[in-house]
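# Coordinates in review
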Amino acid sequence: MTVDSHILQAFVKLGNFLVDFCDNNDQNTTVWGERLKNTIAQAGHQNGWFTESNVLFALKQWGELLTEDNLANWLSAYKESSNPSKKTVAIIMAGNIPLVGFHDFICVLLTGHKVIAKLSSNDKVLLPFLADYLIHCDKALSNCITFTEEQLEEFDAVIATGSNNTGRYFEYYFGKHPNIIRKNRNSVAILSGNESKEDLKPLGEDIFRYFGLGCRSVSKLFVPAGYDFAYFFESIFEYDSVINTSKYANNYDYNKAVYLMSDFKLYDNNFLLLKEDERYGSPIGTLYYEHYNTLAQLKEKLKEQNKLLQCVVSNNAIENSIPFGATQKPSLNDYADGVDTIQFLLNL
């Protein structure tokens, strides 16, 4: 697949800028550096979940992905489009974690199409800043990027991300167009009981990064009968600072009160609640758990419920699982819901 070299280089320059900013943001006094500092502060004011550390983490991950080698290797797996005409793709973005819609955004532009993006009210400033920087690097992109708060009109395809409820709305309104419509998914971790504390420590990153609000955030543990949760709590104790964020603490306190009034059995380490539950999507400050008998049975169960899951994490407990600590560091070809966005766009 051939990509416009100017667009490719604009993303490479953006990647270099983001890595340099995140590594040296206290010393970055350039015009663009100051603008990004102000944008990060504004994002935090608009959405209390978007702490500076989480926004910087997201920016750094994207900066490290947007290298010339990474982009070329990713796109080299695709054949040329049989219909290379430029289309307009509407992207309806979620706002649960910083820049959650950026992957769709870059996919559209790198396949030669135009973007019309409808931003979530929870994430309204970060992507427009990155778009401004890209246009600074390649002026022609100004004709390819539009943000709107109005009703979407005059588009050829749709990529929409939301909840199960909004997913039904999207299917009703956009079902006649080529589309990718994403609904709720959750991520789980499988513990065998043989993990060391050093093995489990990175799992805290999968649980607490973005306060557990992402579809790649681990929201449930599968553990063998008799599992020692004290050992698990000791392994993730260094993440206790999460309770210092008032929004997280308020959710933790509220859920704890509800569970105690309902007389549910809980494990509690003063910043995370563990509750036995068959569901996947746990509330903020809570991690569900479920016991399993054999890994073979659990593997079969997860296979049957694959459409509910984004990531399965383990320390090689089952094949093709993601290592602990890696859920929030997806590669460019880690497509949400397993749907190949690039191929979808090339087929338009």
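Each chain has its residues counted from 1, following the order in which its sequence is written. Predicted model: local features are reported for residues with pLDDT of at least 70 only, side-chain atom pairs are reported and counted for 80 or more only, and whole-chain, interface and lining totals are derived from all residues. Think of the side-chain values as coming from all heavy atoms in the structure, minus any hydrogens and water.

To continue, consider the packing of helix α2 (residues 31-46) against helix α6 (residues 126-137). Under this scheme, a helix contributes an axis fitted over its contacting stretch, all axes are lines through C-alpha atoms, and angles between N-to-C directions fall in the 0 to 180 degree range. The way it works is that DSSP assigns letters per residue, a run of H or I at least four long becomes a helix, a run of E at least two long becomes a strand, and they are numbered from the N terminus. Following both chains from N to C, one finds α2 and α6 inclined at 165°, their axes separated by 9 Å at the closest point. It follows that α2 is roughly antiparallel to α6 by the angle criterion. By crossing handedness, the relation of α2 to α6 is classed as right-handed. Facing α2, whose interface residues are W32, R35, L36, T39 and A43, α6 presents L126, F129, D132, Y133 and H136. Of the residues assigned to the contact of α2 with α6, the class counts are six nonpolar, two polar and two charged. Angle categories are assigned with fixed cut-offs, so that under 35 degrees is roughly parallel, over 145 is roughly antiparallel, 65 to 115 is roughly perpendicular, and the rest are oblique. Helix crossings fall into two classes, left-handed where the near helix is turned counterclockwise from the far one by less than a right angle and right-handed where it is turned clockwise. We call two residues contacting when some pair of their heavy atoms lies within 4.5 Å. Each residue is assigned to one class: nonpolar for Ala, Val, Leu, Ile, Met, Phe, Trp, Tyr, Cys and Pro, charged for Asp, Glu, Lys and Arg, and polar for all the others, Gly among them.

Okay, the sheet that holds strand β4 (residues 157-161) next. Paired strands, in this sense, are two strands between which DSSP finds at least two bridges. With respect to topology, five strands assemble into an open sheet ordered β3-β2-β1-β4-β5, the strand pairing being parallel. This sheet does not close on itself; its edge strands, each paired only once, are β3 (145-147) and β5 (179-182). Shown here is a sheet whose adjacent strand axes are inclined to one another by a mean of 15°, direction ignored. Judged from the five bridges that link them, strand β1 (residues 88-92) and strand β2 (residues 114-118) form a sheet pairing that is parallel. Counterpart to V89 in the pairing with β2 is V115. Against the sheet, helix α7 (residues 164-174) contacts β1, β4 and β5, and its axis sits at roughly 165° relative to β5.

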